[in-house]
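Reading the structure
Each chain, written out:
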Amino acid sequence: MANTNLLMVQHSHMESERIILRPVSLDDAEDMYEYTSDEETTRFLYDQHKDLNQTRNFIANYFLEEPIGKYAIVLKENNKMIGAIEFRVHESSKCGELGYTLNRNFWGKGYMTEAGKSIMELAFHVLDLERVFAECDVINGASGKVLDRLGMKCEGIHRKSHMTKGTLLDSAYYSILKEEYGTPEKKDEAVVNAKS
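Description of the structure in this document. One numbering rule holds for all chains: residues counted from 1, following each sequence as written. Totals for whole chains, interfaces and linings use all residues, but because this is a predicted model, local features are given only for residues with pLDDT of at least 70 and pairs of side-chain atoms are given and counted only at 80 or more. With hydrogens and water set aside, each side-chain value is computed from the structure's full complement of heavy atoms.

**A word on the sheet that holds strand 2 (residues 19–22)**
A sheet is described by the order of its strands in space; here eight strands give the open sequence 1-2-3-4-5-6-8-7, paired in mixed fashion. The sheet is open, and its two edges are formed by strand 1 (14–15) and strand 7 (153–164), each paired on a single side. Strands qualify as paired when DSSP identifies two bridges or more between them. To qualify as a helix, a DSSP run of H or I must reach at least 4 residues; to qualify as a strand, a run of E must reach at least 2; elements of each kind are numbered from the N terminus. Sheet analysis places strand 6 (residues 131–137) next to strand 8 (residues 167–177), joined by seven bridges and oriented antiparallel. Considered in strand 8, the bridge of Phe133 is made with Ser175.

**Comments concerning unusual backbone geometry**
Of note, the phi angle at Lys94 is positive, near 50 degrees, even though the residue is not glycine. Residue position: Lys94 is located in the loop between strand 4 (81–90) and strand 5 (95–102). A simple rule labels every residue: compare its accessible area, found with a 1.4 Å probe on the protein chains alone, to the largest value its type can have, and call it buried under 20%, exposed over 50%, or partly exposed in between. By relative accessible area, Lys94 is classed as partly exposed at 36%.

**Things to note about the nonpolar core**
What makes a nonpolar core is a set of buried Ala, Val, Leu, Ile, Met, Phe, Trp, Tyr and Cys residues whose side-chain atoms join them at distances within 4.5 Å. Judged by nonpolar contacts, the single largest core of 36 residues is most densely connected at Leu21, Ile85, Phe87, Leu98, Val132 and Met152. Of the residues forming this core, the biggest block, eight residues, is contributed by helix 4 (residues 111–126).

**Points about helix 3 (residues 52–64)**
By the burial criterion, the buried members of helix 3 are Thr55, Ile59 and Phe63. Check the buried side of helix 3 and you find it contacts helix 2 (29–36), strand 3 (70–75) and strand 4. Here helix 3 starts with a cap whose side-chain oxygen sits 3.1 Å from the backbone nitrogen of Asn53, and that cap is Asp51. Any two residues having at least one pair of non-hydrogen atoms within 4.5 Å are treated as being in contact. Any pair of nitrogen or oxygen atoms within 3.5 Å is treated as a polar contact; in protein, a donor-acceptor pairing is required on top of that, and neighbouring residues in sequence qualify only through side-chain atoms on both sides.

**Overview of the pairing of strand 4**
Within a regular strand, the side chains alternate between the two sheet faces. Most of strand 4 sits inside the fold, with seven of its ten residues counted as buried. Bridge analysis of strand 3 against strand 4 gives five bridges, and the strand direction is antiparallel. Pairing of Ala72 across the sheet is with Ala84, part of strand 4. The hairpin turn running from strand 3 into strand 4, its antiparallel successor, is five residues long, and Asn79 in that turn takes a positive phi close to 65 degrees. Pairing between strand 4 and strand 5: eight bridges, direction antiparallel. What sits directly across from Arg88, in strand 5, is Glu97.

**Overview of the layout of surface pockets**
Here the idea is plain: a probe the size of a water molecule rolls over the atoms and shows the empty space left. Of the voids in this model, the largest pocket is the one considered here, and its volume is about 1,200 Å³. Every residue lining the largest pocket is counted, 44 residues in all, and those nearest its centre are Leu45, Gly99, Tyr100, Thr101 and Ser143. Secondary-structure elements contributing two or more residues to the lining of the largest pocket are helix 2, helix 3, strand 4, strand 5, helix 4, strand 6, helix 5 (141–149) and strand 7. By residue class, the composition of the lining of the largest pocket is 23 nonpolar, twelve polar and nine charged. Space inside and on the surface of the protein is sampled on a 1 Å grid over the protein atoms alone, with a cavity defined as a set of points where a 1.4 Å probe fits but cannot get out and a pocket as an open set with protein on both sides within 12 Å along at least 5 of 7 lines; lining residues have an atom within 4 Å of a point. Grid points are joined across faces, edges and corners, and a volume is the space filled by probe spheres set on the points. Gly is placed with the polar residues, together with every amino acid not listed as nonpolar (Ala, Val, Leu, Ile, Met, Phe, Trp, Tyr, Cys and Pro) or charged (Asp, Glu, Lys and Arg).

Geometry only, nothing functional implied.
Following this line, the structure appears as structure tokens:
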């Protein structure tokens, strides 16, 4: 049986047409603070950051403490970090959980869908998982559209299932099965290039 953590480490750097997925580093603090300090970007996630040091602590205590499956989304054209995408593998059920956030200044350009396709390739064609799932706030229509574009189906609503900024909110629960994902996308759309 393949070692999932080893495969994830071997695929800690991936790239597609316009973006690179790579581990988050402290060097990303200023780019990350640009969106963690934005109320609209963090609306469905967490309280906005008040200063750059808070973001540095966030990187150290979350992204660097357990880095496997946590990626910075970086534009190839200028090396700017515009968001993060996370993929947690649940080996016992052969599934993976997807989560993400994107700088509001880059919404509506297809970057998150492009990053998600790289994760789908990793999940189904490298890790050989059977299912990928994700949750988003029911009123976060933009996130739901990303999941739709990734081929996921809304399975239902989990009522008052997550706490955001002190309020219990409903989540829309999405998933896609390996057989629904099908064959790999064209090379220029969702290539996963491992860089050991």
